[in-house]
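# Overview (structure and organization)
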Amino acid sequence: MHRQKTSSKAGLIWTIVILAVILVAGGLWFGLNRQAQARAQEASSVSRSKARSVAESRSAAKASQAVEASQKAADPVYKDFAADGLSYHQVQAAKELSVTAVGDSVMLGSEYLYKELFPKIYFDATVSRQIYQVPALFKSLAASGKLANTVIIGLGTNGTFTNEAFQSIMTSIGDQRQVYWINVRSDAKWTDEVNRDLGKMAKRYKNLHIVDWHGASAGHDDWLTADKTHPSTDGQPHYVATVAKAVLAKAQ
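This section reports on the structure supplied with the text. The structure presented is a predicted model; accordingly, all values stated were derived computationally and were not measured.

Parameters at a glance
- Residues numbered from 1 in each chain as written.
- Predicted model: local features only at pLDDT ≥ 70, side-chain atom pairs only at ≥ 80, totals over all residues.
- Heavy atoms only, no water.
- Phe/Tyr/Trp six-rings, centres within 6.5 Å; stacked < 30°, edge-to-face > 60°.
- Helix = DSSP H or I, 4+ residues; strand = E, 2+ residues; numbered from the N terminus.
- Buried < 20%, exposed > 50% of the residue type's maximum accessible area, 1.4 Å probe, protein only.
- Contact = heavy atoms within 4.5 Å.
- Pairing = 2+ DSSP bridges.
- Axes fitted to C-alpha atoms, helices over the stretch in contact; angles between N-to-C directions.

As enumerated under the stated definition, the model contains eight aromatic pairs in all. Between Tyr78 and Tyr88 the ring centres are 5.7 Å apart and the planes differ by 80 degrees, which places this aromatic pair in the edge-to-face class. Of the two residues, Tyr78 is situated in helix H2 (residues 76-81) and Tyr88 in helix H3 (residues 88-96); the sequence distance between them amounts to 10 residues. The exposure classification of Tyr78 matches that of Tyr88, with both residues buried. Consider the rings of Phe161 and Phe166, whose centres lie 5.0 Å apart with planes at 35 degrees: the pair is tilted. No difference in accessibility class separates Phe161 from Phe166, as the two residues are buried.

A separate point is helix H7 (residues 163-173). Of all the positions in H7, only Ala165, Phe166, Ser168, Ile169, Met170, Ser172 and Ile173 are classed as buried. Structurally, H7 contributes buried residues whose contacts are with helix H6 (135-143), strand E3 (150-154), strand E4 (178-182), helix H8 (191-204) and strand E5 (208-211). The first or second residue beyond H7 is Gly174, which carries a positive phi of 85 degrees.

Moving on, we come to the sheet that holds E3. Across the sheet, five strands lie side by side as E2-E1-E3-E4-E5; this open sheet has parallel pairing. The sheet is open, and its two edges are formed by strand E2 (121-125) and E5, each paired on a single side. When the angles between neighbouring strand axes are averaged without regard to direction, this sheet yields 15 degrees. Bridge count for E3 against E4 is four bridges, and the pairing is parallel. Note on E4: the bridge partner recorded for Thr150 is Gln178. On top of the sheet, H8 reaches E4 and E5; it is set at about 150 degrees to E5, its chief contact.

Next comes the structure, spelled out in structure tokens:
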């Protein structure tokens, strides 16, 4: 009788232990399963959020591209210069840039294109102008407040220059303005000397940048008139674009 009671108690204890183990294991499994489900739901939510974000970004990019394409199509200035490598943003920057341009007949022939691309330009170009004639002009422009922070000079076609004349020009302009001097493309005997001396001056003045029209037009005689000096009607956009790309190099 005693043995039967002991056996019954032992069986009951083991039953309780087994049930407890099952309950604990079940609780652990349930908890871990809930955590796994929560993590899966969170990962799914994050994935959906990322997918929405990517889709929205792509949609916004497409909308922006569509707007820019429409703006480009409606911009006649961009149409005129896109083929010469000016970006849409550079063209818009040119429209807002204040410029002073001084030159000879080479520059004068492209006046309409300069004014189209740089509507805020002060333009002063005339036939047969030489470098020695302009120191007084630059002093006058500086005194009258007509010198912009960006100065374009197209001189040298009609003759060489002295250090004194060049120094006088650069002194009037000052070292806070950026000067873009267009070198010479011509069959004139002094062309190489002028271009060589301009290169030397660019090493002397940190704010002086040489626009290499001579190099850009090499091999393109069709860009020039019969005198092999002045840009032709077809060459004028290339000439102005060469200048603009140098001036707008930092505008993206």
